[in-house]
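Reading the structure
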Amino acid sequence: MDDFTHINEQGRARMVDVSEKDVTLREAVACGIIYMSEETVELIKSGGIKKGDVLSVAQVGGIMAAKRTSEIIPMCHPVMTSGIDINFTVNKDSVEIYSKVKCRGETGVEMEALTAVSAAALTIYDMCKAVQKDMVIGDIKLLEKSGGKSGDYKWRK
């Protein structure tokens, strides 16, 4: 049982105690992509989606989701984020989503960054589903993280 950090003596789930960890500046960057038709991309760019400004709404949705990550991911600690930024790259047949989350605390913000990307992609899907239902969300991954005991990490292709 000692090998499992999220299992207690009775073999049940527990949240890890981070109270003894150092408070450090922590940062995480994640990305993902939503694939769609060229026509849907053009509607996003031209403001032709009837629900409104797709990327503005997706940006707010991603920020809101990052702040509530611990409410939907069972073993995630509540984190007081100090900064959340979401950016988009609009391609011919896709939208790339990038999130950057920062905090000063005892635990990292990788899950917050990944949740922000996921929620932003789902928001784009929701905003555009009336014109296209076969969009595909994928390639969600942590690109980098810094701070904490485990040190820095960078995605390698």
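Residues numbered from 1 in each chain as written. Predicted model: local features only at pLDDT ≥ 70, side-chain atom pairs only at ≥ 80, totals over all residues. Heavy atoms only, no water.

**Focus: the side chain of T69**
Residue placement: T69 occurs in helix α3 (residues 69-72). Among all residues touching T69, those that are not within four sequence positions of it are C76, M111, E112 and T115. (Helix = DSSP H or I, 4+ residues; strand = E, 2+ residues; numbered from the N terminus. Contact = heavy atoms within 4.5 Å.)

**What about the sheet that holds strand β4 (residues 136-146)?**
On the basis of which strands lie adjacent, the open sheet formed by five strands has the order β2-β3-β1-β4-β5 and antiparallel pairing. With one partner strand each, in any of the chains shown, β2 (81-90) and β5 (153-154) form the two edges of the open sheet. As judged from the twelve bridges shared by strand β1 (residues 24-35) and strand β3 (residues 94-105), these two strands associate in the antiparallel manner. When the bridges of β3 are listed, Y35 appears paired with S94. On the sheet, helix α2 (residues 54-67) packs against β2 and β3 and is oriented at approximately 145 degrees with respect to β2. (Pairing = 2+ DSSP bridges. Axes fitted to C-alpha atoms, helices over the stretch in contact; angles between N-to-C directions.)

**Concerning unusual backbone geometry**
A positive phi angle is found at D139, which is not glycine, with a value near 55 degrees. Tracing the backbone through its elements, the reader meets D139 in strand β4.

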